[in-house]
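Each chain, written out:
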Amino acid sequence: IQILPHGEIAQKLIGDSEHRIINSKATVIKCYEDGKRRILYSNGNVCEIKNNKAINTNNRGNCVEKDLTTGEITPLKPIPITVQTDTESQCKTLIREDGVLNLKYPNNTSLTIHEDTTKIYTYAKDDNDNVHYLIEHNDFATVNVYVSGDKREYEGDVLLTELARKSIDGIVYSADGKEVI
């Protein structure tokens, strides 16, 4: 676990060459050894970048490929989705065939589960327009992100303790490589 200079959190399993970064909008950026990047958004959108091509899939299954050198955009075949609304709870469920599930509740709270089992909870804005995100994955420490305008805050010592508990060596590192705990 490492806290990067701009507040992003880098997570990596010991012995694994792949890692992930969580940014201030609760976006998870998965980085692979071959240079591929897979970006998981809280609303269910996914972007995969490899060899100067980006394939973007929105939460409704619409896909486009963008050439990052020329800017040319090519529509791709959409990914089929199923949308259902529970009549009692009014919870809206969206399931895409690529394994992304999004639940949206009437109070504007949502849960997105990506194909790699990354869960991103988005809580409804409070009275001051603050947003709270919770990012979970079985292999990584849980991360709470609080966004107030352009500011990002973590849960303080509770978060750092949780990061250390779930990190393999029990240590959290700052951007300059020094131990935080």
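What you are looking at is a predicted structure, and each value in this text was computed from that prediction instead of being measured. (Residues numbered from 1 in each chain as written. Predicted model: local features only at pLDDT ≥ 70, side-chain atom pairs only at ≥ 80, totals over all residues. Heavy atoms only, no water.)

Some words on the overall build of the protein
So the rule is basically this: In this text, helices come from DSSP runs of H or I with a minimum length of four residues, and strands from runs of E with a minimum of two, each type numbered from the N-terminal end. We call two residues in contact when some of their heavy atoms are within 4.5 Å. Here the open area of atoms and residues is found with the Shrake-Rupley method and a 1.4 Å probe, where only the protein chains shown may cover a residue.
A count of helical and extended segments in the protein gives one helix and 17 strands. Long-range pairs, those at least 24 residues apart, make up 24% of the contacts in the protein between residues at least 6 apart in sequence. When the accessible area of the protein is evaluated, it comes to approximately 10500 Å², of which 49% is carbon and sulfur surface.

Considering the confidence of the model for the protein
Quick reminder of the rule: pLDDT measures the predictor's confidence residue by residue and takes values from 0 up to 100.
Looking at the protein, the pLDDT average stands at 82 and 82% of residues meet or exceed 70. At the low end of the mean pLDDT range in the protein sits helix H1 (residues 157-166), at 39; at the high end sits strand S13 (residues 110-113), at 97. Low pLDDT (under 50) marks residues 152-181, which in the prediction has 69 contacts with non-local residues, meaning those over four places away or in another chain.

Regarding the pairing of strand S7 (residues 53-57)
The condition is simple: Strand pairing requires that DSSP identify at least two bridges connecting the strands.
Strand direction decides the pairing type here: strand S6 (residues 46-50) and S7, joined by five bridges, are antiparallel. Its bridge partner lying in S7, Lys50 is registered against Lys53. With five bridges connecting them, S7 and strand S8 (residues 63-67) associate as antiparallel partners. Bridge assignment links Thr57 to a residue of S8, and that residue is Cys63.

Let's talk about the layout of surface pockets
Heads up, the rule is: Detection works on a 1 Å grid of protein atoms alone, calling trapped sets that fit a 1.4 Å probe cavities and calling open sets with protein on both sides within 12 Å along at least five of seven lines pockets, with lining residues defined by an atom within 4 Å of a point. Grid points are joined across faces, edges and corners, and a volume is the space filled by probe spheres set on the points. Residue classes follow a fixed rule: Ala, Val, Leu, Ile, Met, Phe, Trp, Tyr, Cys and Pro count as nonpolar, while Asp, Glu, Lys and Arg count as charged, and any other residue, Gly among them, counts as polar.
Its volume calculated, the largest pocket comes out at about 230 Å³. Along its surface, the largest pocket is lined by Ser42, Asn43, Asn59, Arg60, Lys92, Leu94, Asn102, Lys104, Asn108, Ser110, Thr122 and Tyr133. Secondary-structure elements contributing two or more residues to the lining of the largest pocket are strand S11 (92-96) and strand S12 (101-104). Of the residues belonging to the lining of the largest pocket, the class tally is two nonpolar, seven polar and three charged. Considered as a void within the structure, the second largest pocket measures approximately 170 Å³ in volume. Around the second largest pocket sit 13 residues that line it, and Asp16, Glu18, Arg20, Lys30 and Phe140 are the ones nearest its centre. Elements supplying a minimum of two residues to the lining of the second largest pocket: strand S3 (19-22) and strand S4 (28-31).

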